[in-house]
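Breakdown of the fold
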Amino acid sequence: MEKKPYISLYWKCQLIGWSIAALYWTFQGWTAAGNFRFDLAVVQFVSDVAMYILLTHLYRNFANKNNWQDLAIEKLIWRMLVVIPVMGFFYTLVTISKLYLVRQLFLSHPPQPFTSFFSVNTASIFMAGIRLMAIWLLAYHLYHYAKREVRLSVENARLELSFKQSQLDNLSAQLNPHFLFNALNNIKSLVYTRPDAAARAIDLLSELLRSGLYKGNAMLIRLNEELDLVRDYLELEGLRMEERLQYELDIDISLSGVMVPRLCVQTLVENAVKHGVALEKQGGKINIVIKEQDGLVSIRVLNPGKLEQDKRAAGIGLQNLKERLDLGYHRQAAFSLYEMDQQVCAEIKIPIR
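Our subject in this report is the structure included herewith. (Residues numbered from 1 in each chain as written. Predicted model: local features only at pLDDT ≥ 70, side-chain atom pairs only at ≥ 80, totals over all residues. Heavy atoms only, no water.)

**Digging into the overall build of the chain**
Just so we agree on the cut-off: Starting at the N terminus, helices and strands are each numbered in turn, a helix being any DSSP run of H or I of at least four residues and a strand any DSSP run of E of at least two. For each residue, the accessible area found with a 1.4 Å probe, counting protein chains only, is set against the maximum for its type, and the residue is called buried under 20%, exposed over 50%, and partly exposed in between. Residues are treated as being in contact if the distance between any of their heavy atoms lies within 4.5 Å.
Helices and strands together make up the secondary structure of the chain, namely nine helices and seven strands. The buried share among the 353 residues of the chain stands at 37%. Taking the contacts inside the chain whose residues are at least 6 apart along the sequence as the reference set, 76% of them involve residues at least 24 apart.

Here it is as structure tokens:
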């Protein structure tokens, strides 16, 4: 089946818009002049459409190269105050040159000196150029502004859905029957031997469940709040795994107030416990290292073990985290999983906000 040639909306608007404008000018010439020439009208029509499409298309390339379509409306307005007169100047330059050249080629009466023609027509053509360029620029940037708002709304909706899914995944992991069975058995044994520890285990378990059920309306929280949740989780797991689970936190305290996605560190830690320490006969140590690197917050969680070739793809929890990072930071954040010094390292890098 033969495919029809595709013309983008931009080129359709360019062709239709400038064709309508050129037809309007042709109609004005037809009603105003007694000696209207159709051959001259065709030349004027074709040259007008071609010149002004070229002029505005060059501006479009310039704006795209400098990412003006992503600017806030306030910054864009200030640029438009400069661009509109500049575009009006170029409109005047090409229009006067075109009109004078057409007169020279198609009219038989003695040619008018260019300086005289320029001085007589410049003001009116420049004002017309200002109006036309202002209308074109307003339509072009309003379209892209509306398109950007729609795109951001869709991305925000996807981000919120992804975040809700992360909450459900986190809550599901916390309510895992095996996890609860071991936690409650540990608490039961501690009741007879270490009542204080049993009480602490109950507090930790209830705090984790409360965090999963009632907290989490905000998608970003302070790093120190995220680490409080991680410490509770590791302490509770430590009661279950006893000396098999060791952990160490190396945190740049100056980053405590930095906003990070909720559950991002805990997701990495849960993965390290489940796929690292829990699988080692002697257990192991989890290292959490959070530093600043080149304007980014680097969060690394290291656990013992090896990254097997068939397990390099991220699981549901890590894949969900990666998607949240992509959506929340417009692909300026990064997630990686690799081996380092006989350990598995899960790392995320987040721009400092």
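After presenting the structure, the write-up continues.
**A closer look at the sheet that holds strand E4 (residues 284–293)**
The condition is simple: Note: two strands are recorded as paired if DSSP finds a minimum of 2 bridges between them. Axes here refer to lines fitted to C-alpha atoms; in helices the fit is confined to the stretch in contact. Angles between the N-to-C directions go from 0 to 180 degrees.
Spatially, five strands are ordered E2-E4-E5-E7-E6 in an open sheet, and the strand pairing comes out mixed. Across the chains shown, the open sheet's two edge strands, defined by having one partner strand only, are strand E2 (245–251) and strand E6 (334–340). Shown here is a sheet whose adjacent strand axes are inclined to one another by a mean of 15°, direction ignored. Relative to strand E7 (residues 343–351), E6 runs antiparallel, the two sharing seven bridges.

**Observations concerning the packing of helix H8 (residues 264–275) against helix H9 (residues 316–328)**
For clarity, the cut-off: Note that the term roughly parallel is reserved for angles under 35 degrees, roughly antiparallel for angles over 145, roughly perpendicular for angles of 65 to 115, and oblique for everything else. Two helices crossing with the near one rotated counterclockwise from the far one by less than a right angle form a left-handed crossing, whereas a clockwise rotation gives a right-handed crossing. Amino acids outside the nonpolar list (Ala, Val, Leu, Ile, Met, Phe, Trp, Tyr, Cys, Pro) and the charged list (Asp, Glu, Lys, Arg) are all regarded as polar, and Gly is one of them.
Two elements in contact, H8 and H9, have axes whose closest approach is 10 Å; the angle formed by their N-to-C orientations is 155°. Judged by the inter-axis angle, H8 sits roughly antiparallel to H9. Both H8 and H9 take part in a crossing whose hand is left-handed. Residue-level inspection shows Cys 264, Thr 267, Leu 268 and Asn 271 of H8 in contact with H9, the latter providing Gly 317, Leu 318, Leu 321 and Arg 324. Split by residue class, the contact of H8 with H9 holds four nonpolar, three polar and one charged.

**Looking at the packing of aromatic side chains**
Within a pair of aromatic rings, the relevant descriptors are the distance that separates the centres and the angle that separates the planes. As a reminder, the rule being used: Pairing of aromatic rings covers Phe, Tyr and Trp, the last counted by its six-membered ring, and requires centre-to-centre distances within 6.5 Å; plane angles under 30 degrees mean stacked, over 60 mean edge-to-face, and any other angle means tilted.
Counted by the stated rule, this structure contains ten aromatic pairs. With a centroid separation of 5.8 Å and an interplanar angle of 80°, the aromatic rings of Trp 25 and Tyr 52 are classed as edge-to-face. Residue Trp 25 is found in helix H1 (residues 9–32), and its partner Tyr 52 is found in helix H2 (residues 38–65); the two are separated by 27 residues along the sequence. Residue classification places Trp 25 among the partly exposed residues on the basis of a relative accessible area of 24%. Aromatic pair Phe 89 and Phe 90: ring centres 5.5 Å apart, planes at 70°, arrangement edge-to-face.

**Details of the pattern of salt bridges**
Threshold: Whenever Lys or Arg places a side-chain nitrogen within 4 Å of a carboxyl oxygen from Asp or Glu, that contact is recorded as a salt bridge.
Applying the stated criterion across every chain, the model contains eight salt bridges. Arg 200 is paired through a salt bridge with Asp 232; the nearest N and O atoms lie 3.9 Å apart. In this pair, Arg 200 is assigned in helix H6 (residues 195–213) and Asp 232 in helix H7 (residues 223–241), connecting sequence segments 32 residues apart. The partly exposed category is assigned to Arg 200, whose relative accessible area is 35%. Classification of Asp 232 as buried rests on a relative accessible area of 17%. A salt bridge links Asp 326 to Lys 322, with the shortest nitrogen-to-oxygen separation between them at 3.4 Å. Of this pair, Asp 326 and Lys 322 both sit in helix H9, four residues apart, which is roughly one turn of the helix. Overall, the relative accessible area of 32% leaves Lys 322 in the partly exposed class. Sharing partners across several salt bridges, the network here consists of Arg 200, Asp 232 and Glu 235.

**Structural notes on a nonpolar patch on the surface**
Let me state the cut-off plainly: A patch consists of residues exposed above 30% relative accessible area that lack any salt bridge, with like charges linked at up to 9 Å and nonpolar side chains (Val, Leu, Ile, Met, Phe, Trp, Tyr) linked at up to 5 Å. A 1.4 Å probe and the Shrake-Rupley method give the accessible areas. Residues count as covered only by the protein chains that appear here.
On the surface, Ile 73, Ile 77, Trp 78, Leu 81, Val 82, Val 86, Phe 89, Phe 90, Leu 93 and Tyr 145 cluster together into a nonpolar patch covering about 980 Å² of accessible area. Among the elements that make up the nonpolar patch, the one with the highest residue count is helix H3 (residues 73–106) (nine residues). Relative to the helices and strands, Trp 78 is located in helix H3. Owing to a relative accessible area of 64%, Trp 78 belongs among the exposed residues under this scheme.

**Quick word on the packing of H2 against H3**
One way to put it is that H2 packs onto H3 with a least axis distance of 11 Å and a crossing angle of 155°. Viewed along their axes, H2 and H3 adopt a mutual orientation that is roughly antiparallel. Pair H2 / H3 crosses with right-handed handedness. For the pair formed by H2 and H3, the contact residues are Leu 40, Val 43, Gln 44, Ser 47, Asp 48, Met 51, Tyr 52, Leu 55, Thr 56 and Tyr 59 on the first element and Met 80, Val 83, Met 87, Phe 90, Tyr 91, Val 94, Thr 95, Lys 98, Leu 99, Val 102 and Phe 106 on the second. Split into classes, the residues belonging to the contact of H2 with H3 amount to 15 nonpolar, four polar and two charged.

**Concerning H8**
A turn of α-helix holds 3.6 residues, and therefore any two residues three or four places apart point the same way. Rule in force here: A helix is expected to span 1.5 Å for every residue after the first.
In a regular helix each residue adds 1.5 Å, so twelve residues correspond to 16 Å; H8 covers 17 Å between its end C-alpha atoms and thus fits that length. Among the twelve residues in H8, nine count as buried, and that is most of the element. Among the residues making up H8, those that are buried are Cys 264, Val 265, Gln 266, Thr 267, Leu 268, Val 269, Glu 270, Ala 272 and Val 273.

**Some points on the environment of Phe 117**
Among the secondary structure elements, Phe 117 is positioned in helix H4 (residues 114–174). C-alpha of Phe 117 to C-alpha of Ile 96: the two residues are 21 residues apart in sequence and 8.3 Å apart in space. If we skip the residues at most four places from it in the chain, Phe 117 touches Ile 96, Leu 99, Tyr 100, Arg 103 and Gln 112.

**Some remarks on the environment of Leu 325**
Along the chain, Leu 325 falls in helix H9. A sequence separation of 65 residues divides Leu 325 from Val 260, and the C-alpha atoms of the two residues are 9.8 Å apart. When neighbours within four sequence positions are excluded, Leu 325 is seen to be in contact with Pro 261, His 330, Ala 333, Ala 334, Phe 335, Ile 348 and Ile 350.

That is the geometry; function is a separate question.
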